[in-house]
Number of protein chains: 2
Amino acid sequence: MNTEEFKANLDAIATECLAVRVRMLSRVVTKIYDEELRPLHLKASQMNILVAAAKMGVARPVALCELLHLDVSTLSRNVERMRQRGWLEVVPEAEDARAQPFRLTAEGRTLLQQAVPRWKEAQEKTRRMLGDGVVNLLGKTFKQLQRAKTAS
Amino acid sequence: MNTEEFKANLDAIATECLAVRVRMLSRVVTKIYDEELRPLHLKASQMNILVAAAKMGVARPVALCELLHLDVSTLSRNVERMRQRGWLEVVPEAEDARAQPFRLTAEGRTLLQQAVPRWKEAQEKTRRMLGDGVVNLLGKTFKQLQRAKTAS
DNA sequence: TGTAAGTAATTGTATATGCAATAATACCAA
DNA sequence: TTGGTATTATTGCATATACAATTACTTACA
């Protein structure tokens, strides 16, 4: 590859790379939620897990990881941190001794309730920043990715 | 907040939360690039920095961080890792003794050249996965975020 | 029924990320 | 000029993230 070609490729990567874009977007958006949730000592990533667990009732790690496209080892440690803080508890599972399903504790539920108004604020800020077009397309992509995962 | 209300809020968060969406998208897309780049022992996050440095010639950390919405402390350590591998080098800066501008080494440049075809493959996979609508809108959002940063 | 293959979760290791505090330098204004 | 403020980068600390290897258990099949 000669210098000219290389420069052209660099330009293409710099201006078009989708990894750069989504990663930057993730940093920017995460920051908005983290700032809003900081008084509760809660992070956006942790709220994700609390909400999913609340919705599931009793959450099995593998199922939650497929839903969120999250590595099980990542979830394992995140859950452990939240368990130590008393937000989650592991529930005994008779049917499969390998499973370590978990659910919200009362404290976790209270925390989540306190987080709701702050989440709404962050959500609105982000919506304004991104605009409805991006928000709607992100929604479609999100559902598509979840289908893709469960279908495979 | 009563139980009904809380459940409705949980549903809203689970189905609409923009942080959940962009973070998941970031994980999915990053994985595609990381897998493609793995034979080069290079990660998407590192390629971002190499490309930006290559484009800038001599990159000043603060400037690069504003461009990518990256914390300076994050960049500091990422650069250090890449410096240890011989991909980047810090260049002396006479005008401001605080500055630690850096640039690609010859090895860094070679690595980046090797990464180009792999990047193209990952980019194409991702484009197919997301569709042109999302890709184009992400591009607009990206430029908008870069403007917002440089304007402030 | 007993073993081989598969599955669930954890642990070791490494990178990425950001906040708070700090150190060193630059700039500005009285 | 000097004293306070702003800027640049690094470091301590904590969390998030994923891959590879491992452990423990389950399932299938021969």
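Everything that follows concerns the structure shown earlier in this document.
Just so we're clear, the structure is a prediction, and the values are computed from it rather than from any experiment. (Residues numbered from 1 in each chain as written. Chains lettered and ligands numbered in written order. Predicted model: local features only at pLDDT ≥ 70, side-chain atom pairs only at ≥ 80, totals over all residues. Heavy atoms only, no water.)

(A) Highlighting the relation of the copies chain A and chain B. With an RMSD of 0.0 Å, the fit of chain A onto chain B corresponds to turning through 180° and sliding 0.0 Å along the axis. Considering both components of the superposition, the chain copies are consistent with a two-fold axis. Ranked by how close their C-alpha atoms come to the rotation axis, the residues of chain A are headed by S26 of chain A, at 3.2 Å. Of the residues that chain A buries at the interface, 100% are likewise interface residues in chain B, meaning the two copies contact each other through the same surface. (Least-squares fit on C-alpha atoms with pLDDT ≥ 70 in both. Contact = heavy atoms within 4.5 Å.)

(B) A look at the protein's contact with DNA strand D. Around DNA strand D lies a shell of 29 residues, among which S45 and R85 of chain A together with R23, R77 and R98 of chain B are the nearest. Q46 of chain A is positioned such that a nitrogen or oxygen atom in its side chain is 3.4 Å from a phosphate oxygen of DNA strand D. R77 of chain B places a polar side-chain atom, nitrogen or oxygen, 2.4 Å from a base oxygen of DNA strand D. Of all the secondary structure elements, the ones that give two or more residues to the surface near DNA strand D are helix 3 (44–56) and helix 5 (72–84) of chain A together with helix 2 (18–37), helix 4 (61–68) and helix 5 (72–84) of chain B. Of all the elements, helix 5 of chain A adds the most residues to the surface near DNA strand D, at five residues. Here the residues of the surface near DNA strand D are counted per class, giving six nonpolar, nine polar and 14 charged. (Near = heavy atom within 4 Å. Polar contact = N/O pair within 3.5 Å; in protein donor to acceptor, adjacent residues only side chain to side chain. Helix = DSSP H or I, 4+ residues; strand = E, 2+ residues; numbered from the N terminus. Nonpolar A, V, L, I, M, F, W, Y, C, P; charged D, E, K, R; others polar.)

(C) Focus on the nonpolar core. Y33 and M47 of chain A together with Y33 and M47 of chain B are the most contacted members of the largest nonpolar core, which has 96 residues in total. When near neighbours in sequence (up to four residues on either side) are disregarded, M47 of chain B contacts I13 and C17 of chain A together with L37, L42, L112, A115 and W119 of chain B. (Core = buried A, V, L, I, M, F, W, Y, C linked by side-chain atoms within 4.5 Å. Buried < 20%, exposed > 50% of the residue type's maximum accessible area, 1.4 Å probe, protein only.)

(D) Molecular detail of the protein's contact with DNA strand C. Near DNA strand C there are 29 residues, and of these R23, R77 and R98 of chain A together with S45 and R85 of chain B occur at the shortest range. Take the atoms of DNA strand C that sit within 4 Å of the protein: sugar and phosphate atoms are 66% of them. Within the side chain of R98 of chain A, a nitrogen or oxygen atom sits 2.3 Å from a base oxygen of DNA strand C. Secondary-structure elements contributing two or more residues to the surface near DNA strand C are helix 2 (18–37), helix 4 (61–68) and helix 5 of chain A together with helix 3 (44–56) and helix 5 of chain B. For the surface near DNA strand C, a count of residues per class yields six nonpolar, nine polar and 14 charged.

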